[in-house]
Amino acid sequence: MIKSRLLTPGPTPIPERVQQAMARPIVYHRGAEIAALVKEVNEGLRRVFPTEGDILLFAASGTGVMEAAVVNLMRRGDRALVIRAGKFGERWGDVCAAFGVEVAGLDLPWGASVDPGQVAGRLRADPTIRAVFATQSETSTGGLHDIEGIGRAMRGSEALLVVDAVSSTGAHPLPPEAWGVDCVITASQKGLMTPPGIGVVTLGRRAWEATERSDLPKHYWSFRMTKAALEKGGSTPATPATTLLMGLREALAMIHEEGIEEVWRRHARHAEAFRAATGAIGLEVFPECPSNALTGVLLPDSLDARDLAGRMKSRYGIVVGEGLDRLAGRLIRLSNLGYMDDLDVIATLSAFEMVLREMGWASALGAGVSTAERVLTEMKQG
Ligand code: PMP
């Protein structure tokens, strides 16, 4: 018998409590019940970032709310600085280009993290830039960008800071007001421990001002229409993803029972265990500044990541992320995002080591596991 364990950086496993919450009968989406549900979800989400700003919900994946941010905040022909050091940074550029927003790329090698000073330099050199699009945790590489530093470097600039937190929500704080972030987008299927299908947007005052100037075509994605519906009836203009909202309410309750700061600490401990174990196995952590959501492990030429991931799944039921696009075959992404405990980390490393041994990688069996056990106990005690 093989048990299936999902350790990809999204979608992530769903806690039993969340599954049960979603097994409840469907309710009418215009009733008081949904208004109360949306209110609870919004309050729970506010404490996750944390933010005092507005939260809007869409039935959408993460890419949907990326598009929503672009069409609500930008004007046709505006210039946007797009930080690109992986697949999802590149996606910001693709969405901007699709709507006629001119992309000024701040292009770095995949896996690098931007120096906030570079963002400030580009803004000084080009005052026509209206917004900076960044990614907090670049899921394709496991890299982390210093959003607090970027926000600080942009202080005094009129350009908006728009951040994709799809894989960092719940793993890293992102307080928009304190860090000078105007708009954050995220999605339900990762740190929020809910199935795919809810897109989340946070908006501050400057972002709302930008929505008044924006002339890009939109209807379903309109932030102003969505806010008006929230204020009028407590729900969304179109039918919300009611079942997923019930799941998300439960997931948020779990997050706040654990305590959001404890959730961040847990992600830090697990990611540190993965990183230390990677070194003990004799492999390399790929990104320059790793995120606490996942660990990108670079494989030597002698090992193929697709083969390795395939064996982990078929032998041990452990599903990990493979490299995307230009990293296909070269990178394994071990995730600790969302509903994860210490033994998920240990089980993943154990399967990783056994498969590496089978593929001829000559590190001692248990080297990664014992290192992870040490990190987990030390960080727990500390
Ligand atoms: N941004 C990041 C950082 C992501 O990890 C993902 C999903 N892997 C997306 C955007 C796109 O989200 P979705 O697949 O939900 O559209």
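Throughout, a residue's number is its position along its own chain's written sequence, starting from 1. Owing to the predicted nature of the model, reporting of local features is limited to residues with pLDDT of at least 70; listing and counting of side-chain atom pairs is limited to 80 or more, with chain, interface and lining totals taken over all residues. Values shown for side chains rest on all heavy atoms present in the structure; no hydrogens or waters enter the calculation.

## Things to note about the packing of helix α11 (residues 260-281) against helix α13 (residues 342-358)
Then, number 1: Angular values range over 0 to 180 degrees, each being the angle between N-to-C directions of two axes fitted as lines to C-alpha atoms, with helices fitted over their stretch in contact. Strands here mean DSSP runs of E at least two residues long; helices mean DSSP runs of H or I at least four residues long; both are numbered from the N terminus. Following both chains from N to C, one finds α11 and α13 inclined at 20°, their axes separated by 10 Å at the closest point. Overall, the two elements α11 and α13 adopt an arrangement that is roughly parallel. Between α11 and α13 lies a crossing whose hand is right-handed. From α11, Arg269, His270, Ala273, Phe274, Ala277 and Ile281 reach across to α13, where they touch Asp342, Val345, Thr348, Leu349, Phe352, Glu353 and Leu356.
Then, number 2: Here the residues of the contact of α11 with α13 are counted per class, giving eight nonpolar, two polar and three charged. Each angle gets one of four labels, with under 35 degrees taken as roughly parallel, over 145 as roughly antiparallel, 65 to 115 as roughly perpendicular, and the rest as oblique. Crossings are classed by handedness, with left-handed meaning an anticlockwise turn of the near helix from the far one by less than a right angle and right-handed meaning a clockwise turn. Should any heavy atoms of two residues lie within 4.5 Å, those residues are counted as being in contact. Any residue that is not Ala, Val, Leu, Ile, Met, Phe, Trp, Tyr, Cys, Pro, Asp, Glu, Lys or Arg is counted as polar, Gly included; the first ten are nonpolar and the last four charged.

## Side note on the site of the ligand
Then, number 1: What makes a residue near a molecule or strand is one non-hydrogen atom of that residue sitting within 4 Å of it. Lining the immediate environment of the ligand, one finds 13 residues, of which Ser61, Thr63, Thr139, Asp164 and Lys190 sit closest.
Then, number 2: Within 3.5 Å is the distance limit for a polar contact, defined as a pair of N or O atoms, with the added protein rule that one can donate a hydrogen and the other accept it, and that residues adjacent in sequence qualify only through two side-chain atoms. In the model, an oxygen atom of the ligand is placed 2.8 Å from a nitrogen or oxygen of the glycine 62 main chain.
Then, number 3: Here an oxygen atom of the ligand sits 2.4 Å away from a polar atom, N or O, in the side chain of threonine 139.
Then, number 4: For accessible areas, the Shrake-Rupley method is used with a probe of radius 1.4 Å. Any residue's cover is judged against the shown protein chains and nothing else. Computed on the free molecule, the ligand has an accessible area of 390 Å², of which 86% lies beneath the protein chains in the complex.
Then, number 5: When contributions to the shell around the ligand are tallied by element, the ones reaching two or more residues are α3 (62-73) and α4 (87-98).
Then, number 6: The element that contributes the greatest number of residues to the shell around the ligand is α3, accounting for three residues.

## Description of the domain arrangement of the protein
Then, number 1: The source of the domain bounds is an automatic or database domain assignment. When cut into domains, the protein gives domain 1 (5-10 + 260-381) and domain 2 (16-257).
Then, number 2: Counting each side, the surface lost to burial between domain 1 and domain 2 is near 2,300 Å², with a carbon and sulfur contribution of 61%.
Then, number 3: We define buried area as the total accessible area lost by two parts upon association, computed with a 1.4 Å probe and summed across both. When the buried surface of domain 1 facing domain 2 is broken down by residue, Ile260, Trp264 and Tyr339 rank first, second and third, together holding 24% of it.
Then, number 4: Salt bridge, as applied in this entry: a Lys or Arg side-chain nitrogen positioned within 4 Å of an Asp or Glu carboxyl oxygen. The tally of links from domain 1 across to domain 2 stands at two salt bridges.

## A word on empty space enclosed by the protein
Then, number 1: Each cavity reported here is a set of points on a 1 Å grid over the protein atoms alone in which a 1.4 Å probe fits but cannot get out, each pocket an open set with protein on both sides within 12 Å along at least five of seven lines, and each lining residue one with an atom within 4 Å of a point. Grid points are joined across faces, edges and corners, and a volume is the space filled by probe spheres set on the points. Per the stated rule, a full pass over the model turns up three cavities of 30 Å³ or more.
Then, number 2: In this structure, the largest cavity is lined by 15 residues; those nearest its centre are Leu57, Phe58, Ala59, Thr236 and Pro240.
Then, number 3: Contributing elements (two or more residues each) for the lining of the largest cavity: β2 (54-59) and α9 (223-233).
Then, number 4: Residue contributions to the lining of the largest cavity peak at three residues, all from β2.
Then, number 5: Split by residue class, the lining of the largest cavity holds 12 nonpolar, three polar and no charged.
Then, number 6: Roughly 50 Å³ of volume is contained in the second largest cavity.
Then, number 7: What lines the second largest cavity is Val38, Asn42, Ile55, Leu56, Leu57, Thr226, Leu230, Ser235 and Thr236.
Then, number 8: Counting only elements with at least two residues in the lining of the second largest cavity, the list comes to α2 (32-46), β2 and α9.
Then, number 9: Top contributing element to the lining of the second largest cavity by residue count: β2, with three residues.
Then, number 10: Its residues placed into classes, the lining of the second largest cavity shows five nonpolar, four polar and no charged.

## Considering α4
Then, number 1: Here the expected span of a helix is defined as 1.5 Å times the quantity of residues minus one. With 12 residues, α4 should cover 16 Å at 1.5 Å per step; its first-to-last C-alpha distance of 16 Å lies within 8% of that length.
Then, number 2: Every buried residue belonging to α4 is among Phe88, Gly89, Trp92, Gly93, Val95 and Cys96, and all of these are buried. Relative to the axis of α4, the buried residues are bounded by an arc of 165° and lie together on one face. Facing away from the buried side of α4, by more than 90 degrees, are the exposed residues Asp94 and Ala98.
Then, number 3: After α4 finishes, the residue glycine 100 shows a positive phi value of roughly 75°. Any residue under 20% of the maximum accessible area for its type is buried, any over 50% is exposed, and the rest in between are partly exposed; the area is computed with a 1.4 Å probe on protein chains only. Taken from the helix axis, the directions to the C-beta atoms give the arc we talk about.

## Some thoughts on the state of the cysteines
Then, number 1: Cysteine sulfur pairs qualify as disulfides if the two atoms are within 2.5 Å. Overall, the coordinates contain zero disulfides when judged by the stated rule.
Then, number 2: With no disulfide of its own, cysteine 183 lies closest to cysteine 96 among cysteine sulfurs, the gap being 12 Å.
Then, number 3: Its relative accessible area of 0% is what places cysteine 183 among the buried residues.

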